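Per-entry structural report
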Amino acid sequence: MTSRLRGRVILITGGGSGIGAACAERCAEEGAFVILADIDHVAAEMRALAIGPQAVGLRLDVREESDWTNALEEIEESHGRLDGLVNAAGLLRMGNVEETSFQVWREVMSVNLDGTFLGCKHVIALVQESGGGAIVNLSSVSGLVGGHNLAAYNASKGGVRLLTKSVALHCAKKKNGVRCNSVHPTFVETPMVEELVARSSDPQRTRATLEGQVPLGRIARPAEVAAMVCYLLSDEAAFVTGSEFVIDGGVTAQ
């Protein structure tokens, strides 16, 4: 590993598991101090302990604006700076437009889109004060192409994609040194996908179906997504903003 994030403080939502946890591990390996934020505080703390002294867990419900303001006040008091944010907290609920209840719709939106909006809105000032940095928003290939049974998830992740571009252009216009990009993975070996497979009537067949949709013939590993996120947080991506990065094994090439 290089030390391209040495001295930087990175906040990662959904850090207790899945892609968020993988991003925290990779950023720490690259020299950053990582703050793993999660509604499951215990999971975040356990992950932070596993990473080592350059990591800490933090309870954060991304749906609550007061949680964001409190968390950022704590980060500023404890570390005096923030150099990057990874909005990795996410929620998947299956269902077509007719069968999706308004309650489920709002639940998905509140985590995937509202949570990302609140993160972007509130971290910009602190990252700017730190001399600039980067925001990386986890979208999905489902934010680029539709699925008949992903009405709420499609809409939320598509919203993340265009919110990212708006944030990037806003920051560029302000010349505040803050970049913003989105990452669009396909199926990834995370608890979210594991739950999807386990809850199906035929888990083995469901997993084979997911793998069969990927030209490379397998589900992505969290570390593969984390590698892209780490690049976008680093100075190597200094001229990259408002862009979308697809990690899908060729799914959208078809």
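All of these numbers come straight from a predicted model, not from anything done at the bench. (Residues numbered from 1 in each chain as written. Predicted model: local features only at pLDDT ≥ 70, side-chain atom pairs only at ≥ 80, totals over all residues. Heavy atoms only, no water.)

Taken domain by domain, the chain consists of domain 1 (9–185 + 223–247) and domain 2 (189–219). Computed over C-alpha atoms only, the centres of domain 1 and domain 2 are separated by 24 Å. Both faces considered, domain 1 and domain 2 share a buried interface measuring about 520 Å² in area, 71% of it formed by carbon and sulfur atoms. By the criterion of area lost to domain 2, the three top residues of domain 1 are Gly18, Leu92 and Glu224, representing 55% of everything that side buries. A salt bridge links Glu224 to Arg218, with the shortest nitrogen-to-oxygen separation between them at 2.6 Å. Class assignment for the residues of the side of domain 1 that touches domain 2 results in five nonpolar, three polar and one charged. (Domains from an automatic or database assignment. Buried area = accessible area lost by both parts, 1.4 Å probe. Salt bridge = Lys/Arg side-chain N within 4 Å of Asp/Glu carboxyl O. Nonpolar A, V, L, I, M, F, W, Y, C, P; charged D, E, K, R; others polar.)

On to the nonpolar core, then. If you look at the biggest cluster of nonpolar residues, it comprises 34 residues, and the most contacted ones within it are Val34, Val86, Val229 and Leu233. Elements supplying a minimum of two residues to this core: β1 (9–13), α1 (18–29), β2 (33–38), α2 (41–51), β5 (133–138), α8 (222–233) and β7 (244–247). Excluding residues within four positions of it along the chain, Leu233 makes contact with Leu5, Arg8, Ile10, Cys27, Gly84, Leu85, Val86, Ala134, Val136 and Arg179. (Core = buried A, V, L, I, M, F, W, Y, C linked by side-chain atoms within 4.5 Å. Buried < 20%, exposed > 50% of the residue type's maximum accessible area, 1.4 Å probe, protein only. Helix = DSSP H or I, 4+ residues; strand = E, 2+ residues; numbered from the N terminus. Contact = heavy atoms within 4.5 Å.)

For the rest of this paragraph, the subject is unusual backbone geometry. The phi dihedral of Lys175 falls on the positive side, at around 55 degrees, and the residue is not glycine. When you line up the elements, Lys175 lands in the loop between α5 (151–174) and β6 (178–185).

A few words now on the pattern of salt bridges. Across all of its chains, the model carries 16 salt bridges by this definition. Measuring nitrogen to oxygen at the nearest pair gives 2.7 Å for the salt bridge that ties Asp235 to Arg8. Note that Asp235 is positioned in the loop between α8 and β7 and Arg8 in the segment before β1, a separation of 227 residues in sequence. Accessibility expressed as a relative area gives 17% for Arg8, which makes it buried. A salt bridge links Glu30 to Arg26, with the shortest nitrogen-to-oxygen separation between them at 3.3 Å. In this pair, the class of Glu30 matches that of Arg26, namely buried. In the salt-bridge network here, residues are joined through shared partners; they are Arg4, Arg26, Glu30 and Glu236.

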